[in-house]
Each structure stands twice: as C-alpha cells, then as structure tokens.
Amino acid sequence: MHNTLRRITEYPKLLCFLLSCVLAYILFRQGAFQEVVLALNGHGYISFFLGGILFSFGFTSPFAVAMFIAAPTGPNPYLAALIAGFGACLSDLCIFGLARLSFTEELHRLRSTVILQRLHALFHHQSIPERVRQYILWSFAGLVIASPLPDEFGVVLLGGVTNIDSRWFGILCFTLNTAGILLILLASRTIV
C-alpha cells in the first residue's frame, strides 16, 4: 500500500488532472456548469470563449468540456467552435511562450518507466524511417492538442523536438482546437 501511494505521488500533476476530471463530472451532474454558462451570457458566445481558454490547460480542460456540453443549443456550433478555438489558441500560445513548464518534469520522469522505454526503442528502431517518425510525432501531438487532454503534453512534444515558428504553431493550435471543440459541441447536441 505504501509503495502504491508513493508511486501515485510521483506524478502529482497527473493526479490533479484526474481529480479535476472527477470534480468536473460531479459538478456537471449537479448542474453547476449550466448556471455558469447562463451567468456568462449563455445565449451568447462569451461562455464559449472562456471555455476555449480553459480547454487548453490540463487542470481546467474537464471544466471546459463540461461548459461546452452544458451550453444551450441555441448558438451556432460552428461559430461557437471558432470563438472557443480562438480562446484555446491564446492559451496554447501562452503555454508555448512560457517554455512549456507545467508537465516537463513529469514527462521526463515518465520517460524512465519500462513501458515508455520500450515504446521509445520501438519508435526509434532503425527500420522506421525518420520521415515516418516525424509524421507519427506530429499526428500524436495534434491529437493531444485537439482533445481535452492537457495541451501541455502536445506543446512539449512539438516544442521539444521540432523548431516550429510560433506563428505556425498558433495556426496549428487554432485549427486543431477548433476541430476538437466542434466535435464536442456536435456530439453533445446529439447525445443531449
């Protein structure tokens, strides 16, 4: 038991992310996000912009998803996704500009685990051409940025192994976040 507890505390930011997912779910089930959205001009687009800002940060992305799902169906989902994507892009540019500090230490610690060492060895096997490795890296980082997963991981992946210009990074983040948010908005309208 003590060993398990010690292992859990080795990754405090990941643990906080999981706890924020649980808290966001509990608050969503109690209707707290519907009240927040309505207080932020729920029939307008202010709540989508704020949700977009929250969407990019690891600890707040579950709350952003809950806000998107709780949003009324009146606003145009495509325009809402563009506005939220802009907010998320601003957050990603802040993450990118602040030297990707949030999850860096834990990523380095995770690299020393057996599973990731095996994946790294498989990924860097000589039979996989460098160009294919780059496509896989960009695809994985893009999926992380487009999803509600912490964008810090995608930023660290792209910033750590590529020399991407901040302007192109912003365009990439805007596009990926807008697409991910649009999928959440459209899915929430079909489910609810």
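Residues numbered from 1 in each chain as written. Predicted model: local features only at pLDDT ≥ 70, side-chain atom pairs only at ≥ 80, totals over all residues. Heavy atoms only, no water.

Undergrad: Run through the side chain of Ser 147, naming residues and quoting values.
TA: On the secondary structure map, Ser 147 appears in the loop between α9 (130-146) and α10 (151-161). For Ser 147, a relative accessible area of 18% gives the class buried. Of the polar contacts made by the side chain of Ser 147, one reaches the backbone oxygen of Val 144; its length is 3.0 Å. (Helix = DSSP H or I, 4+ residues; strand = E, 2+ residues; numbered from the N terminus. Buried < 20%, exposed > 50% of the residue type's maximum accessible area, 1.4 Å probe, protein only. Polar contact = N/O pair within 3.5 Å; in protein donor to acceptor, adjacent residues only side chain to side chain.)

Undergrad: An account of the packing of aromatic side chains is needed here, citing residue identities and associated values.
TA: Per the stated rule, a full pass over the model turns up 4 aromatic pairs. Between Tyr 45 and Phe 48 the ring centres are 6.1 Å apart and the planes differ by 40°, which places this aromatic pair in the tilted class. Residue classification places Phe 48 among the buried residues on the basis of a relative accessible area of 1%. Measuring from ring centre to ring centre gives 6.0 Å for Phe 55 and Phe 68, while their planes differ by 50°; the resulting arrangement is tilted. Of this pair, Phe 55 sits in helix α4 (residues 46-55) while Phe 68 sits in helix α5 (residues 61-70), and the two are 13 residues apart along the sequence. With relative accessibility at 1%, the residue Phe 68 sits in the buried group. An aromatic cluster of three or more residues is present, and its members are Tyr 45, Phe 48, Phe 55 and Phe 68. (Phe/Tyr/Trp six-rings, centres within 6.5 Å; stacked < 30°, edge-to-face > 60°.)

Undergrad: Any details on helix α6 (residues 77-97)? Residues and values, ideally.
TA: Spanning 21 residues, α6 covers 29 Å between terminal C-alpha atoms, matching the ideal 30 Å at 1.5 Å per step. Within α6, the full set of buried residues consists of Pro 77, Ala 80, Ala 81, Ala 84, Gly 85, Gly 87, Ala 88, Cys 89, Ser 91, Asp 92, Ile 95 and Phe 96. The N-terminus of α6 is capped by Asn 76, whose side-chain oxygen sits 2.8 Å from the backbone nitrogen of Tyr 78. (Expected span 1.5 Å × (residues − 1).)

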